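# Structural description and commentary
The residues making up each chain are set out below.
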Amino acid sequence: MKGTVVKAYGRYYDVSSGDGVVRCTLRGKLRKTSDLARYSNPVAVGDLVSLELDRDGGGTISEIHHRKNIFSRKDKGRNKKEDIIAANLDLIVVIQSFYRPRLNLRFVDRLAVRGRKDDIPALLCLNKLDLADEGDVEFVKDYYARSGMQLVFTSALTGEGLDILKGALLNKTSILAGYSGAGKSTILNAIFPHLDLRVADVSDKTGKGRHTTTNVEMIVAEGDSRIIDTPGMREFGLMDIEPHFLGDYFVEFRKYSGKCAFGQCTHDHEPDCEVRRQVDKGRIHVERYVSYLNILESLKEYYERRY
């Protein structure tokens with residue numbers, strides 16, 4: 001029988017099928033296959049799998065079916081393993097807030113680059129709009145003006161923008177990612193009240209959010225709308241993007257990169273770089289370019305360690 005992985009924790013996976021949710025383990029030989037050995041966790045939420053039922057009501061995953069995409073990051077503390085967070089996505093929704101915790105657009109850029117690598121559209125939801133400082137909204141709009149990033153400004157307190165966000169989530173499989181305390185659970189409760197997700201306040205001591213989601217889990221929100229909720233992320237390491245290809249994932253660079261003097265220009269140190277020239281002219285936001293350079297440096301370090 002077939003089913004969809006809806007929760008992953010340790011060596012166990014909850015698989016939703018026509019007979020309900022079955023708690024499963026992974027058949028040992030699958031973990032050792034060459035195409036899965038590169039991953040720290042070979043099965044991810046969103047995977048379509050085949051399973052065999054045990055006598056005790058549990059199950060064993062015997063096959064992982066073709067994925068249309070994956071959303072992954074560099075496994076912490078390792079150089080070569082890839083940590084799959086979810087599979088078979090239609091949308092990445094990055095939740096940020098204007099107050100406690102504050103915006104970190106460089107973190108957003110990393111997630112957006114990862115999405116573009118597998119052709120997964122990204123949407124940036126900027127929550128706590130009612131607490132934004134003067135100039136915050138315009139800065140974000142200018143920062144992403146030519147990036148292709150979809151922006152939705154919301155306030156879970158006033159309800160502003162929630163109908164737009166709900167429309168973006170309907171009839172899709174979406175992953176929600178962001179810092180703890182940015183308001184993921186509060187937003188989902190406001191949009192889909194029947195979910196009744198647990199929320200927690202931001203710590204007064206650290207100014208950071210407390211985790212309310214402890215595992216990656218798929219939630220059926222409404223009809224065919226499925227939302228994959230994730231524990232709060234503070235870091236997101238990229239891998240498997242060669243440094244000289246990084247610029248391809250920054251949409252506003254594409255218009256100019258073909259005019260660079262070098263065919264594999266990294267837009268960092270090479271002479272006669274058209275991208276840097278456009279940064280100087282203000283056609284590419286300077287802070288977005290700095291974000292690019294930070295990612296570029298991390299990729300260079302990754303490949304130096306790897307090879």
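Residues numbered from 1 in each chain as written. Predicted model: local features only at pLDDT ≥ 70, side-chain atom pairs only at ≥ 80, totals over all residues. Heavy atoms only, no water.

## A look at the overall build of the chain
Selection criterion: The helix and strand labels rest on DSSP assignments: H or I over at least four residues marks a helix, E over at least two residues marks a strand, and numbering proceeds from the N terminus. In this setup the radius of gyration rests on C-alpha atoms only. A globule is expected at 2.2 Å times the number of residues raised to 0.38. Each residue is assigned to one of three classes by its accessible area relative to the maximum for its type, calculated with a 1.4 Å probe on protein chains only: buried under 20%, partly exposed between the two thresholds, exposed over 50%. Contacts are assigned to residue pairs that have any heavy atoms within 4.5 Å of one another. Here Asp and Glu are counted as negative and Lys and Arg as positive; His is not counted, and neither are the chain ends. Charged side chains are reduced to one point each, which is NZ for Lys, CZ for Arg, CG for Asp and CD for Glu.
Within the chain, the regular secondary structure consists of eight helices and 13 strands. Relative to a compact globule of 307 residues, whose C-alpha radius of gyration would be 19 Å, the chain shows 20 Å and is just as compact. Each of the three principal axes of the chain carries a C-alpha extent, and together these read 70 × 50 × 35 Å. The burial tally for the chain puts 51% of its 307 residues in the buried class. Pairs at least 24 apart in sequence give 65% of the contacts found in the chain among residues at least 6 apart. Charged side chains of the chain number 48 positive and 44 negative; the gap between the two group centres comes to 4 Å.

## Considerations on the nonpolar core
Spelled out, the test is: The term nonpolar core refers to a set of buried residues drawn from Ala, Val, Leu, Ile, Met, Phe, Trp, Tyr and Cys, joined through side-chain atoms within 4.5 Å.
Residues Ile-61 and Leu-124 are the most contacted members of the largest nonpolar core, which totals 69 residues. When residues of this core are assigned to their parent elements, the largest contribution, six residues, is made by helix α2 (residues 105-117). Membership of the second largest hydrophobic core comes to 20 residues, among which are Cys-125, Leu-162, Ala-182 and Ile-227.

## Brief notes about the pairing of strand β13 (residues 225-229)
The following threshold applies: A pair of strands counts as paired when DSSP detects no fewer than two bridges linking them.
Within β13, four of the five residues are buried, leaving the element largely enclosed by the surrounding structure. Bridge count between strand β11 (residues 173-178) and β13: four bridges; the pairing is parallel. By the bridge assignment for β13, Leu-176 is matched with Asp-229. Judged from the five bridges that link them, strand β12 (residues 216-222) and β13 form a sheet pairing that is antiparallel.

## Points about the pattern of salt bridges
Rules: A side-chain nitrogen of Lys or Arg and a carboxyl oxygen of Asp or Glu constitute a salt bridge if their distance falls within 4 Å.
A full pass over the atoms with the stated rule returns 17 salt bridges. Where Glu-222 meets Lys-166, a salt bridge forms, and the shortest distance between an N and an O atom there is 3.4 Å. Linking Glu-222 in strand β12 with Lys-166 in helix α4 (residues 162-169), this pair joins segments that are 56 residues apart in sequence. Looking at Lys-166, the relative accessible area reads 24%, which means it is partly exposed. One salt-bridge network, held together by shared partners, links Glu-82, Arg-114 and Asp-118.

## Here's the deal with the state of the cysteines
Rules: Any two cysteine sulfur atoms within 2.5 Å of one another count as a disulfide.
Evaluation of the coordinates by the stated rule reveals zero disulfides. You can see Cys-265 has no disulfide; the closest cysteine sulfur is in Cys-273, sitting 3.8 Å from it.

Keep in mind these values describe shape, not function.
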